[in-house]
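# Fold and contact review
Residue-level listing of the chains:
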Amino acid sequence: MEKNFLELILKNFWLISIAVIFINGIILKVKSQKYIQESPELKTGYDMLLKGWLIYGNIPWVIMGIGNLTKYTNTLFDYCNPKSFNPFVLIFHLSLVILWILLSRWIYFKGGAEFMEKHPGLFVKTGFSEASEKITAKQIKISVGLNLLGGGIGMALVWIMDISVPKFLN
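These numbers come from a predicted model, not from an experiment. (Residues numbered from 1 in each chain as written. Predicted model: local features only at pLDDT ≥ 70, side-chain atom pairs only at ≥ 80, totals over all residues. Heavy atoms only, no water.)

## Brief notes about the overall build of the protein chain
Quick reminder of the rule: Only DSSP runs of H or I with at least four residues qualify as helices, and only runs of E with at least two residues qualify as strands; both kinds are numbered from the N terminus onward. Note on classification: 1.4 Å probe, protein chains only; a residue is buried when its accessible area is under 20% of the maximum for its type, exposed when over 50%, partly exposed between these limits. Contacts between residues were defined by any pair of non-hydrogen atoms, one from each residue, lying within 4.5 Å.
Across its full length, the protein chain holds seven helices and two strands. Starting at the N terminus and ending at the C terminus, the protein chain contains elements arranged as α-α-α-α-α-α-β-β-α. Residue burial in the protein chain is summarised as follows: out of 170 residues, 32% are buried. The contacts of the protein chain with a sequence gap of at least 6 include a subset with a gap of at least 24, amounting to 63%.

The structure is reproduced here in structure tokens:
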């Protein structure tokens with residue numbers, strides 16, 4: 001039973017990820033309503049953010065889903081082994097790199113951090129206090145930079161290490 005459940009999760013990780021993206025999109029939509037009521041001119045920006053989140057956030061997971069449904073790949077672990085040169089795994093990794101480049105370009109060179117500062121809700125500053133403070137463009141740039149660094153290190157590790165499907169799943 002446990003093996004089947006784990007196998008189901010690993011084979012359908014892409015579906016779970018798409019569901020999480022949509023749930024987070026709904027949360028962003030709900031949170032943004034408060035800010036839109038205060039400043040109706042922000043609605044277009046929030047709509048753009050939500051659309052971008054749903055489209056760009058799902059690209060890697062759709063690629064993974066197509067790979068799994070066409071039987072080119074089987075589980076999440078296949079995507080942790082890009083040295084196999086499986087075309088879907090390579091496209092998945094390439095999509096991540098392209099999305100990271102586009103995100104970096106937008107945040108650092110196209111005013112994305114400032115846009116996010118004016119449209120709070122996706123990034124919030126949390127601490128030990130009850131109230132969340134709005135996050136600044138500088139904090140967004142630092143946060144995105146750290147996340148990209150972590151993602152880059154993670155991707156480098158999967159290219160360097162030999163990760164295979166655990167024996168209990170065979």
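That was the structure; now back to the text.
## Considering empty space enclosed by the protein
Test applied: Space inside and on the surface of the protein is sampled on a 1 Å grid over the protein atoms alone, with a cavity defined as a set of points where a 1.4 Å probe fits but cannot get out and a pocket as an open set with protein on both sides within 12 Å along at least 5 of 7 lines; lining residues have an atom within 4 Å of a point. Grid points are joined across faces, edges and corners, and a volume is the space filled by probe spheres set on the points. Each residue gets one of three labels, nonpolar for Ala, Val, Leu, Ile, Met, Phe, Trp, Tyr, Cys and Pro, charged for Asp, Glu, Lys and Arg, and polar for the others, Gly among them.
Tallied over the full model, the rule gives one cavity of 30 Å³ or more. A volume near 40 Å³ is recorded for the largest cavity. Lining the largest cavity are L28, K29, S32, Q33, I36, Y46, D47 and L50. Of all the secondary structure elements, the ones that give two or more residues to the lining of the largest cavity are α2 (13–38) and α3 (43–56). In terms of residue count, α2 provides more of the lining of the largest cavity than any other element does, five residues in total. A breakdown of the residues in the lining of the largest cavity according to their chemical character gives four nonpolar, two polar and two charged.

## Comments concerning the packing of aromatic side chains
Condition: Two rings from Phe, Tyr or Trp (for Trp, the six-membered ring) form a pair when their centres are within 6.5 Å of each other. A pair whose planes differ by under 30 degrees is stacked, one over 60 is edge-to-face, and the rest are tilted.
All chains considered together, the criterion is met by seven aromatic pairs. When the ring of Y72 is compared with that of F88, the centres are 5.1 Å apart and the planes differ by 45 degrees; the resulting orientation is tilted. Residue Y72 is found in the loop between α4 (59–69) and α5 (87–109), and its partner F88 is found in helix α5; the two are separated by 16 residues along the sequence. Considering the side-chain rings of F85 and W159, the 6.3 Å spacing of their centres and the 65 degrees angle between planes classify their relative orientation as edge-to-face. Taken together, the residues F85 in the loop between α4 and α5 and W159 in helix α7 (residues 137–160) connect sequence positions 74 residues apart. Owing to a relative accessible area of 55%, F85 belongs among the exposed residues under this scheme. On the basis of relative accessible area, W159 is assigned to the partly exposed category, the value being 32%. One aromatic cluster is present, built from ring pairs that chain together F13, W61, Y79 and F92.

On their own, these measurements won't tell you what the molecule is for.
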